[in-house]
Amino acid sequence: MYNTTRIVFFSPTHTSARIARAVAEGIGMPKRIETDLTLDENENIIEIKDELTLIAAPVYGGRIAPTALQRFKRLKAENAPAILLAIYGNRDYDDALLELRDTAISLGFTPLSAGAFIGEHSYSTPQLPTAAGRPDSVDLKCAIQFGKDSLQKLQSGKFCILEVKGNYPYKEIPAGRVMPLPESNEQCFGCGECVDICPVHAININNEQMKPITDAARCIRCCACVKECPNGAREYHTLFTAILHEKCNVRREPELFI
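**Structural notes on the overall build of the protein chain**
- Tallying secondary structure elements over the protein chain gives seven helices and 13 strands in all.
- Relative to a compact globule of 258 residues, whose C-alpha radius of gyration would be 18 Å, the protein chain shows 18 Å and is just as compact.
- Seen along its three principal axes, the alpha-carbon backbone of the protein chain occupies a region of about 60 × 40 × 35 Å.
- Burial status across the protein chain gives 51% buried among its 258 residues.
- The long-range share in the protein chain, meaning contacts at least 24 apart out of those at least 6 apart in sequence, stands at 82%.
- For the protein chain, the computed accessible surface area is about 12700 Å², with 51% contributed by carbon and sulfur atoms.
- Of the charged side chains in the protein chain, 29 are positive and 32 negative; the average position of the first set lies 4 Å away from that of the second.

**Focus on the layout of surface pockets**
- The space that makes up the second largest pocket amounts to roughly 370 Å³.
- Forming the boundary of the second largest pocket are 21 residues, of which S124, T125, P126, Q127 and V226 lie nearest the centre.
- Of all the secondary structure elements, the ones that give two or more residues to the lining of the second largest pocket are α6 (224-228) and β12 (234-235).
- Partitioned by chemical class, the residues of the lining of the second largest pocket number eight nonpolar, nine polar and four charged.

**Points about the pairing of strand β3 (residues 46-49)**
- Every second residue of β3 is oriented toward a common face, the buried set being I46 and I48 and the non-buried set E47 and K49.
- The pairing of β3 with strand β6 (residues 75-78) spans four bridges and is parallel. Residue E47 lies in a different strand from β6, and its bridge partner there is K76.

**Details of the packing of aromatic side chains**
- Taken as a whole and judged by the stated rule, the model has four aromatic pairs.
- A ring pair is formed by Y88 and Y93, whose centres lie 5.4 Å apart and whose planes are at 55°; its orientation type is tilted. The same class applies to Y88 as to Y93, namely buried.

**Describing unusual backbone geometry**
- P135 follows R134 through a cis peptide bond whose omega is 5°.
- Mapped onto the elements of the fold, P135 is located in the loop between β8 (110-118) and α4 (137-156).
- Residues Y168 and P169 are joined by a peptide bond in cis, for which omega reads -10°.
- On the secondary structure map, P169 appears in the loop between α4 and β9 (183-184).
- Phi at A131 is positive, roughly 60°, even though this residue is not glycine.
- Turning to its location among the elements, A131 is positioned in the loop between β8 and α4.
- On the accessibility criterion, A131 (14% relative accessible area) is buried.
- Positive phi outside glycine occurs at C223, with the angle close to 70°.
- Counting through the fold element by element, C223 comes out in the loop between β11 (211-214) and α6.
- Given a relative accessible area of 2%, C223 falls into the buried group.

**Section: the environment of P230**
- With respect to the helices, strands and loops of the structure, P230 is situated in the loop between α6 and β12.
- Distance in space between the C-alpha atoms of P230 and C188 is 9.7 Å, their sequence separation being 42 residues.
- Once you skip the residues sitting within four places of it in the chain, P230 turns out to touch C191 and E193.

**Concerning the pattern of salt bridges**
- Within the structure shown, the criterion is met by 18 salt bridges.
- Across the pair R74 and D40 runs a salt bridge, and its minimum N-O distance is 3.1 Å. Highlighted residues: R74 in the loop between α2 (66-72) and β6 and D40 in the loop between β2 (31-36) and β3, separated in sequence by 34 residues.
- Three or more residues joined by partner-sharing salt bridges are found here, namely R134, D136, D139, R251 and E253.

Cut-off values and rules
- Residues numbered from 1 in each chain as written.
- Predicted model: local features only at pLDDT ≥ 70, side-chain atom pairs only at ≥ 80, totals over all residues.
- Heavy atoms only, no water.
- Helix = DSSP H or I, 4+ residues; strand = E, 2+ residues; numbered from the N terminus.
- Rg over C-alpha atoms; globule rule 2.2 N^0.38 Å.
- Buried < 20%, exposed > 50% of the residue type's maximum accessible area, 1.4 Å probe, protein only.
- Contact = heavy atoms within 4.5 Å.
- Areas by Shrake-Rupley, 256 points an atom, 1.4 Å probe, with all protein chains shown as cover.
- Lys, Arg positive; Asp, Glu negative; His and termini not counted.
- Charge placed at Lys NZ, Arg CZ, Asp CG, Glu CD.
- 1 Å grid on protein atoms, 1.4 Å probe; cavity = no way out; pocket = protein on both sides within 12 Å on 5 of 7 lines; lining within 4 Å.
- Points joined across faces, edges and corners; volume = space filled by probe spheres on them.
- Nonpolar A, V, L, I, M, F, W, Y, C, P; charged D, E, K, R; others polar.
- Pairing = 2+ DSSP bridges.
- Phe/Tyr/Trp six-rings, centres within 6.5 Å; stacked < 30°, edge-to-face > 60°.
- Salt bridge = Lys/Arg side-chain N within 4 Å of Asp/Glu carboxyl O.

What follows is the structure, given as structure tokens:
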């Protein structure tokens, strides 16, 4: 029935993309199309028809990243079963997978399977790590097998409403919380890499000081600029880093729904 796998993802620090690609590897269809919405602020509709679709996004505070949801709403599906992937930083994904399932249905997809996988937390640092190095080889092996199992379910033709973990109403996203911003240290020489990789274009280079300036109203604290800076010149300091390291250091494993 299907010979094309479509991968759609929002992945500032590349963890969601890595998981999605591993699942697609397990599916093994002859044709694969990637739709990377990480830097894409276009509002044009993306029509998806007759394609097995993987939708992957990070979890922020127990919900799908709001920017990811906003960009996914460009999708318009027809005859498109969907594999849903929520990637979280070893604390919990709470209502994120349920929210992703409901969003997929509203866009015309038929949810086939879903998985909550673990990626290195955005706030993780070498000194205070949380899920450092994940997804690792064990995670990716699990994702590949999940792709195979999902394809087998699709080929059986026997699937109905997909049940996933989560609650209604969805976990409330705290409003008005003042959060720190990523900062540049003395290693920064204004190369502009952080400007190019920011998914919400919240960073500009100050022409006088040749240093990055972050727009607090736009920044989503994904820490892509911190993880990807080629000189280690971006840092993010928040009390949550120590809290996560202390309370969320026990390894969690993927949770799969087929």
